[in-house]
Amino acid sequence: MSLTRQTASYSTPSDLATPDPLRPPFEIPKAVRSYTQQYANLYWLRLAVLRNKVAKRAKGLWEDMEGVSSPPQHVKRVLDVENGNLCYIIGTVYMDMILKPNVLEDLARENFIAAPVPRRKFCSDTDEVMLEDESGRVRLVGDRMMQAGGGAFVTGTIMAALGAETSTGDFEVLEVCYAGLPPQEPRDEEEGDGEWIAIVSGLEMGGGEVAEDMRVNMLAEWLTGELGGDDDQEEASKVTRLIIAGSALAQPPVSQSTTTVRNLPARLCPFLIPQTKSSPPQKYGYDPSTYSSSPTLAFDSFLSTVLPSLPIDLLPGSTDPVGQTMPQQPIHIAMLPKANEFDPASGRLGMRTNPFWFDAGGAGVGGRKCEFFGNSGQMLDDVFKYLGTESRLEVAEQMMDWCHVAPTCPDTLCASFSLLLVSSFSLANPTPSPSQKGATPSPHSTHSSFRNVPTSTILGINRNSKQKWSKDTMDRK
């Protein structure tokens, strides 16, 4: 039985004749990339973008408070708060966390020591919460903050705090609120399955594990309709596009002879690795002891197998050969020679940024297209370290309520290229219908709704290379 694949409309903001100001593309030309911006400018721009949204929501929540003679007023500068007067202020959250890495302290140490093991969480009960704007910074205290405990707030979020100044100059908080989920356009769902979009993440190909190779081969066979019977082919025919959400290539282990420790003076590291004589550099080709081509060759072969049957979008991830600065720029097509043989004008292979927007629609999506917002998971993983929850699904929901998907950039997440792109990390109107996060430890999904706006779906895609397989799993594809 030959596979007759269904089709669906698909577009990205870069395909538009006129740029969409609410969803600008994340691909930054080299001519405008900048690495000299001060972090303060990034936070001030974020505050300018979200301040009015937070103020509008705070006014709606607190203007009809019971038990007060007059509604609390908005004080526009945190340093203009008067002692004892009930009001609310808006600013950027800053977390003073003793467990958060501090590069200045590392540089100030006199003796060389090995880098500490990365912490799974930064939060603790000793953390202090600050709120700052252009005028200054104030510390947030009170029962509301104590009840929240450590791991309830994240650096970089734009927040409104209701309360009053204390005699010590702190701000005693009664309630807090964020910008909230922007509204969506109304959409009527139609009955039926409609078309599908397949999303995978964390393939980590080329690592040499037999189980991983088997999983990837089964995925390619199912997508192309070569696995299973007629029912399986009917399901595969509904898939109109494949999205690879980061970490497609494995990181080969670095041998002892290639570690940089060998080049340090023996007095600094006599206990780490015995000194070995390095091999002379090669004039042609590459040194197999410092570079392995297996990941790119395996991934290129996978793409060339699937592309004739199915369009693919490729997002870079934490293990892929691209810069780690957010937003990550597309993987260079020259690394994938077989996939590069497909005509770029055909749209079969889309080299995307991380994150990126796209629209998809068709017979089964209702009266209009669905807006997707996808990323490879680094944003969520970094925010996860600030919060006490162990559920990445809860973290993703909170990011929707903050109306920002990368609040910790540039504090502990690599800073973005340009000030012009920072506001793009804010979720402007419209809210994405499905929001996809790649490379999470386990799959999850939920439907989120704030302020009675239509539902958004959050999809967490598990890291495929960490998925446990059994015979029953393989029977279910």
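Residues numbered from 1 in each chain as written. Predicted model: local features only at pLDDT ≥ 70, side-chain atom pairs only at ≥ 80, totals over all residues. Heavy atoms only, no water.

Visitor: Would you mind showing me how to read the overall build of the protein chain here?
Guide: Each helix and strand counted, the protein chain has 10 helices and 16 strands in total. Classification of the 477 residues of the protein chain by burial places 48% in the buried group. Residue pairs in contact within the protein chain that sit at least 24 positions apart in sequence constitute 75% of those at least 6 positions apart. Accessible area for the protein chain stands at about 24600 Å²; split by element, carbon and sulfur atoms hold 52% of it. (Helix = DSSP H or I, 4+ residues; strand = E, 2+ residues; numbered from the N terminus. Buried < 20%, exposed > 50% of the residue type's maximum accessible area, 1.4 Å probe, protein only. Contact = heavy atoms within 4.5 Å. Areas by Shrake-Rupley, 256 points an atom, 1.4 Å probe, with all protein chains shown as cover.)

Visitor: Is there a simple way to explain the confidence of the model for the protein chain in this structure?
Guide: Detail in the predicted coordinates should be disregarded across regions flagged by low pLDDT. Here the protein chain averages 77 in pLDDT, and 72% of its residues register 70 or above. Predicted confidence is poor over residues 363–367, with pLDDT under 50, and the contacts of this stretch with residues over four places away or in other chains come to 12 contacts. Here residues 469–477 is a poorly scored stretch, pLDDT under 50, and it has 9 contacts once near neighbours within four places are set aside; other chains count. (pLDDT = per-residue confidence, 0-100.)

Visitor: Teacher, can you tell me more about the pattern of salt bridges here?
Guide: Oppositely charged side chains may form a pair once their charged atoms are brought near each other. Per the counting criterion, the structure on display carries 11 salt bridges. A salt bridge links arginine 77 to aspartate 80; the nearest nitrogen and oxygen atoms lie 3.0 Å apart. Classification of arginine 77 as partly exposed rests on a relative accessible area of 43%. For arginine 120, the salt bridge goes to glutamate 390, with nearest N and O atoms at 2.6 Å. Taken together, the residues arginine 120 in the loop between helix 2 (103–108) and strand 4 (128–132) and glutamate 390 in the loop between helix 7 (378–384) and helix 8 (392–402) connect sequence positions 270 residues apart. Via salt bridges that share partners, Glu128, Arg139 and Asp170 belong to a single interconnected network. (Salt bridge = Lys/Arg side-chain N within 4 Å of Asp/Glu carboxyl O.)

Visitor: How do you make sense of the packing of aromatic side chains when you look at a structure like this?
Guide: For any pair of aromatic rings, geometry is given as the distance between the ring centres together with the angle between the planes. What the rule picks out here adds up to 8 aromatic pairs. When the ring of phenylalanine 358 is compared with that of phenylalanine 372, the centres are 4.6 Å apart and the planes differ by 15°; the resulting orientation is stacked. Highlighted residues: phenylalanine 358 in strand 12 (residues 356–361) and phenylalanine 372 in strand 13 (residues 370–375), separated in sequence by 14 residues. Each member of the pair, phenylalanine 358 as well as phenylalanine 372, carries the same accessibility label: buried. Stacked on the ring of phenylalanine 384, the Lys or Arg lysine 121 has its end atom at 3.5 Å from the ring centre. (Phe/Tyr/Trp six-rings, centres within 6.5 Å; stacked < 30°, edge-to-face > 60°. Lys NZ or Arg CZ within 6 Å of the ring centre and 35° of its normal.)

Visitor: Where do I start with the nonpolar core in this structure?
Guide: A general trend in soluble globular proteins is that nonpolar side chains are found buried together. Grouped together as the largest cluster of nonpolar side chains are 61 residues, with contacts concentrated most on Ile89, Leu131, Leu140, Phe153, Met159, Phe171 and Met379. Elements that contribute at least two residues to this core include exactly helix 1 (39–62), strand 3 (87–96), strand 4, strand 5 (137–141), strand 6 (158–165), strand 7 (171–177), helix 7 and helix 8. Not counting residues up to four positions away in its chain, the partners in contact with leucine 140 are Val129, Leu131, Met145, Met159, Phe171 and Val173. Ranked by size, the runner-up nonpolar core spans 29 residues in total, among them Leu219, Leu303, Leu314 and Leu336. (Core = buried A, V, L, I, M, F, W, Y, C linked by side-chain atoms within 4.5 Å.)

Visitor: Would you mind going over unusual backbone geometry with me for this structure?
Guide: Glycine aside, the phi torsion of most residues is negative, and most peptide linkages are trans. Backbone torsion omega between methionine 326 and proline 327 reads -5°, so that peptide bond is classified as cis. Note that proline 327 resides in the loop between strand 10 (312–315) and strand 11 (349–351). Proline 410 follows cysteine 409 through a cis peptide bond whose omega is 15°. Within the secondary structure, proline 410 is located in the loop between helix 8 and helix 9 (419–422). The phi torsion at serine 247 lies on the positive side, around 55°, for a residue other than glycine. Take serine 247: it is sitting in the loop between strand 9 (239–245) and helix 6 (294–306).

Visitor: How do you make sense of the pairing of strand 9 when you look at a structure like this?
Guide: The two faces of the sheet receive side chains in turn, since in a regular strand these alternate between them. A large share of strand 9 lies buried, amounting to 7 of its 7 residues. In this sheet, strand 10 lies alongside strand 9 in parallel orientation, the contact comprising 4 bridges. Each bridged residue has a counterpart across the sheet, and for alanine 245 the counterpart in strand 10 is leucine 315. (Pairing = 2+ DSSP bridges.)

Visitor: In this structure, what is going on with the pairing of strand 3? I would like to understand it.
Guide: Of all the 10 residues making up strand 3, 8 are buried; the element is thus mostly covered by neighbouring parts of the structure. Judged from the 2 bridges that link them, strand 2 (residues 73–74) and strand 3 form a sheet pairing that is parallel. Within strand 3, the residue paired with histidine 74 across the bridge is tyrosine 88. Pairing geometry for strand 3 and strand 6, over 6 bridges, is antiparallel. Bridge pairing in strand 6 places glycine 91 opposite methionine 159. Here strand 3 pairs with strand 4 via 5 bridges, running antiparallel. Note on strand 4: the bridge partner recorded for tyrosine 94 is methionine 130.

Visitor: Help me understand helix 5 (residues 230–237) in this model?
Guide: Note that an α-helix has 3.6 residues per turn; residues three or four places apart therefore point the same way. The set of residues buried in helix 5 consists of Asp232, Gln233, Ala236 and Ser237. Summarising the axial view, the buried residues of helix 5 lie within an arc of 135°, below the 170-degree limit, and thus occupy one face. Turned more than 90 degrees away from the buried face of helix 5 sit Asp230 and Asp231, all of them exposed. (Arc of directions from axis to C-beta.)

Visitor: Just checking my understanding: could you explain the side chain of aspartate 127 for this structure?
Guide: As for its position among the elements, aspartate 127 is in the loop between helix 2 and strand 4. Polar contacts involving the side chain of aspartate 127 include one to the main-chain amide nitrogen of serine 124, which spans 2.9 Å. Leaving out residues up to four positions away in the same chain, aspartate 127 has contacts with Met95, Asp96, Met97, Ile98 and Phe122. (Polar contact = N/O pair within 3.5 Å; in protein donor to acceptor, adjacent residues only side chain to side chain.)

Visitor: Help me out: how do you make sense of the sheet that holds strand 11 in this one?
Guide: Sheet strands pair via backbone hydrogen bonds, and the direction of the pair is either parallel or antiparallel. An order of 8-9-10-11 is seen for the 4 strands of this open sheet, with the pairing classed as parallel. With partners counted over all chains shown, the strands left at the sheet margins are strand 8 (196–200) and strand 11, one partner each. Each strand of the sheet is rotated relative to its neighbour by a mean of 20°, with strand direction disregarded. With 5 bridges joining them, strand 8 and strand 9 adopt parallel strand pairing. Bridging across to strand 9, valine 200 finds its partner in isoleucine 244. (Axes fitted to C-alpha atoms, helices over the stretch in contact; angles between N-to-C directions.)

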